[in-house]
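Residue-level structure breakdown
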Amino acid sequence: MSRLRATPLACVVTLACVLICWQARAAATGSHGAVAAEHRLASRAGLEILRAGGNAVDAAVAAVLATGVVNPSSSGLGGGGFMIVYLADEGRAHAIDYRERAPASAHRDMYIRDGKADTKASRRGGLAVGIPGEPAGLELAITQFGSLTLEEVTAPALQLATEGFPVEGHLAKQLEANTEALAADAELAAIFLREDGRPYREGDKLQRLHLADSLQKFAKKGSSPFYAGAIAEDIETAVRARGGTLTRSDLGSYKALQRPPLATGYGDWRLVTMPPPSSGGGTIAQVLSVLEPYDLGELGQNSSTYLHLLAESLKAAFSDRAKFYGDPDFVDVPLARLLSPGHAAAVRTRISSVRALPSAAYGNVDGGSDSGTTHISVVDKDGNAVACTTSVNTAFGSMVGVPNRGIVLNNTMDDFSIQPGVANAFGLVGNEANSVAAAKRPLSSMSPTIVLSKGQVRMVAGASGGPMIITSTLQTLLNVVEFEMSVEDAVTAPRIHHQWMPEMLAVEGGIPEPVRDSLTRRGHRLRPFSAIGSVQAVEVIGSSGGKRTVRAMSDPRKGGVAAAY
Ligand code: DON
């Protein structure tokens, strides 16, 4: 039988085989510890540290540093992020905020030209660069909560940068898609383009000797050279040469912070997640508070009614995100009200079970590409856990490289609302709460989350993908907690996304046609999306006293492979 005439059943069987192989490749099971990262070498770096006796924080930092080497479009020393740490012996979670910060010269209208928002300036070049937080944040994590030295946790990344590694699919795609912009920056061109000007391809070996030198300094001296030493000088020079105003004194004033994590309940489960300046934890908690009274299990995973309720709850929560969320050191985010039972009940009253309401009914999309962020989930043998999401914002950030340092600088300034109502790179609109100001942190969607049950870690999750981070993390959590799916199925299952504005329900191809038709009939404007977010998750089955299985799953959407022992 010719391939073209294959029966629908054969197609279904083939698809099922592809999905199963996909999952088998991306998942890993052990009885001690596990790491899920977006690149197999990063998961392996974390595992190496766990096996060497490091705890979950040591492993997470090793995996973050390794990701910065092998997938530099997603993250690196020139970016920033958030980390949730759960320490089993304390029974307590901690949140580390190492988000980039606006320089002292930043101001509300810095991207306005002749009354109009100049989105090019907030996305590319020196003015797009926020003060990087990654070196300070990773150092804080290790000194406060790690058990190994910076030198030990940096070793796997250093080895990859020094010896080189094969370019894999995700990086090859990013290099191909961004060749022109990379060519315009001498440092980035020297790292990522071959002598003939073409980008490295899948399978080519890439060495990162300048970055190796920066990592060596981080290993030996910690973050200080990045904020006060020679590297700080070079960052200033690189940013200024590309039209930016960030100074050494901005770098010198940067501090990573510890904040009380945002904790919320869902049934018997307890979630600890990231508070502002990320909107991720709050938005997830808001949606869960709206959904909790519904019997979702009865409706069924990815049933049209479940997806309708989810989409409407997301619209309501994202409209609050646009209006109220910002850096808590600058604005008062009314979290207590937004997470109150009264607020959830008011949203439920508004939701119609049969019709999608216009976004305007909830207050006042295009999702971006999944390319400037990475997530790491780790559980160690003692039941400690880390969820860490870290970013340079969009692929290769501002496209500004620091000469001879191998560092790619972020473009996280674009996460501010540069003018009320003007969409950022992810189609997100915002308001005064997230307007630009000196020393302010731009609002984020990063959602590193740890789920506890009976005082023990049950699951760790988070994602990349701009605002889709929130929806993909949330759906993965609900798939495990509410729909009792395995972590592999939970991560792989098709997803939807709504972010209130624009009025569009993004739907992955795997959502069955009858479900899509039913959502359309309810008035949702569907738009097919090939991938909604990329989730890295670990699930713990069993207790520390009895038999214990840890299962890690890297999202096949980004080609990751998890590791466990
Ligand atoms: O903090 C945020 O919400 C964005 N900077 C995240 C960007 C992102 O996830 C890009 N894609 N992977």
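No experiment lies behind these values; they were computed from the predicted model shown. (Residues numbered from 1 in each chain as written. Predicted model: local features only at pLDDT ≥ 70, side-chain atom pairs only at ≥ 80, totals over all residues. Heavy atoms only, no water.)

Now for the overall build of the chain. In terms of regular secondary structure, the chain is built from 21 helices and 23 strands. Expected size for 565 residues packed as a compact globule is a radius of gyration near 24 Å; at 22 Å, the chain falls within 12% of this value. Over its C-alpha atoms, taken along the principal directions, the chain stretches across nearly 60 × 60 × 55 Å. A total of 565 residues make up the chain; the buried ones form 63% of that total. (Helix = DSSP H or I, 4+ residues; strand = E, 2+ residues; numbered from the N terminus. Rg over C-alpha atoms; globule rule 2.2 N^0.38 Å. Buried < 20%, exposed > 50% of the residue type's maximum accessible area, 1.4 Å probe, protein only.)

Moving on, we come to the layout of surface pockets. Taken as a whole, the largest pocket encloses approximately 570 Å³ of empty space. If you trace the largest pocket, you find 27 residues lining it, with H170, K173, R557, K558 and G559 closest to the centre. Examining the composition of the lining of the largest pocket, we find that six residues originate from one element, helix α7 (residues 169–177), more than from any other. (1 Å grid on protein atoms, 1.4 Å probe; cavity = no way out; pocket = protein on both sides within 12 Å on 5 of 7 lines; lining within 4 Å. Points joined across faces, edges and corners; volume = space filled by probe spheres on them.)

Let's shift gears to the pairing of strand β20 (residues 526–529). Pairing of strand β19 (residues 505–508) with β20 involves four bridges; the strand directions are parallel. Each residue of the ladder has a partner; that of E508, found in β20, is F529. Taking the sense of rotation as the criterion, the β-α-β connection linking β19, helix α21 (residues 513–521) and β20 turns out right-handed. (Pairing = 2+ DSSP bridges. Right-handed = clockwise from strand over helix to strand, strands pointing away.)

On to the pattern of salt bridges, then. Counted according to the given criterion, the structure contains 26 salt bridges. Between E38 and K558 there is a salt bridge whose closest N-O contact spans 2.7 Å. Note that D196 and R194 form a salt bridge whose closest N and O atoms lie 3.1 Å from each other. Given the relative accessible area of 52%, D196 is considered exposed. Owing to a relative accessible area of 27%, R194 belongs among the partly exposed residues under this scheme. Here the salt bridges do not stand alone but share partners, grouping D97, R259, D329 and R441 into one network. (Salt bridge = Lys/Arg side-chain N within 4 Å of Asp/Glu carboxyl O.)

All chains considered together, the criterion is met by four aromatic pairs. Ring geometry for F218 against F226: centres 6.2 Å apart, planes inclined by 75°, an arrangement best described as edge-to-face. Considered together, F218 and F226 belong to a single accessibility category, that of buried residues. Relative to Y254, the ring of Y227 lies with its centre 5.7 Å away and its plane at 10°, an arrangement referred to as stacked. Taken together, the residues span a long stretch of sequence, with Y227 in helix α11 (residues 224–227) and Y254 in the loop between α13 (248–252) and β9 (257–259) at a distance of 27 residues. Comparing Y227 with Y254 shows no difference in burial state: the two are buried. The residue whose ring lies beneath R337 is F324, and the NZ or CZ to ring-centre distance is 5.1 Å. (Phe/Tyr/Trp six-rings, centres within 6.5 Å; stacked < 30°, edge-to-face > 60°. Lys NZ or Arg CZ within 6 Å of the ring centre and 35° of its normal.)

Next up on the list: the side chain of S417. Along the chain, S417 turns up in the loop between β15 (407–409) and β16 (449–453). Each residue touching S417, except ones within four places of it in the same chain, is listed here: G430, N431, N434, S435 and V436. (Contact = heavy atoms within 4.5 Å.)

Overall, mixed pairing links the three strands, which are arranged β18-β19-β20 in an open sheet. Only two strands of the sheet have a single partner each, and these edge strands are β18 (496–497) and β20.

This part covers the confidence of the model for the chain. Taken residue by residue, the chain gives an average pLDDT of 94. The fraction at 70 or more is 94%. Confidence drops under a pLDDT of 50 for residues 1–19, and excluding neighbours within four residues, the segment shows four contacts in the predicted structure. (pLDDT = per-residue confidence, 0-100.)

It is worth spelling out the environment of A37 at this point. Checked against the element boundaries, A37 lands in the loop between β2 (34–36) and α2 (40–51). Exposure remark for A37: the relative accessible area of 0% places this residue in the buried category. The spatial distance from the C-alpha of A37 to the C-alpha of L209 is 23 Å, given a sequence separation of 172 residues. With residues near it in sequence (within four places) discarded, A37 still touches A42, S43, H375, I376, Q536, S554, G560 and V561.

The next thing to look at is unusual backbone geometry. For the bond running from P276 to P277, omega is 15°, close enough to zero to count as cis. In this fold, P277 is placed in the loop between β11 (269–273) and α14 (280–291). The step from M501 to P502 runs through a cis peptide bond, and the omega angle for that step is -5°. Located in the positive-phi region is N393, a residue other than glycine, with phi close to 80°.

Okay, the pairing of strand β12 (residues 373–379) next. Of all the seven residues making up β12, seven are buried; the element is thus mostly covered by neighbouring parts of the structure. Neither face of β12 is exposed, since T373, H375, S377 and V379 on one face and T374, I376 and V378 on the opposite face are all buried. Relative to β12, β2 is paired through three bridges, and the arrangement is antiparallel. If you follow A34 over to β12, its bridge partner there is V379. When β12 meets strand β13 (residues 385–391), the two strands line up antiparallel, connected through seven bridges.

Counting residues in each nonpolar core, the largest one holds 82 residues, and the members touching the most others are V69, M83, F192, L215 and F396. Here the element with the most residues in this core is helix α3 (residues 56–70); it accounts for 12 residues. In this structure, L215 is in contact with L65, V69, L77, T154, A157, L158 and A161, ignoring residues within four places of it in sequence. Ranked by size, the runner-up nonpolar core spans 78 residues in total, among them A36, L288, F426 and L474. (Core = buried A, V, L, I, M, F, W, Y, C linked by side-chain atoms within 4.5 Å.)

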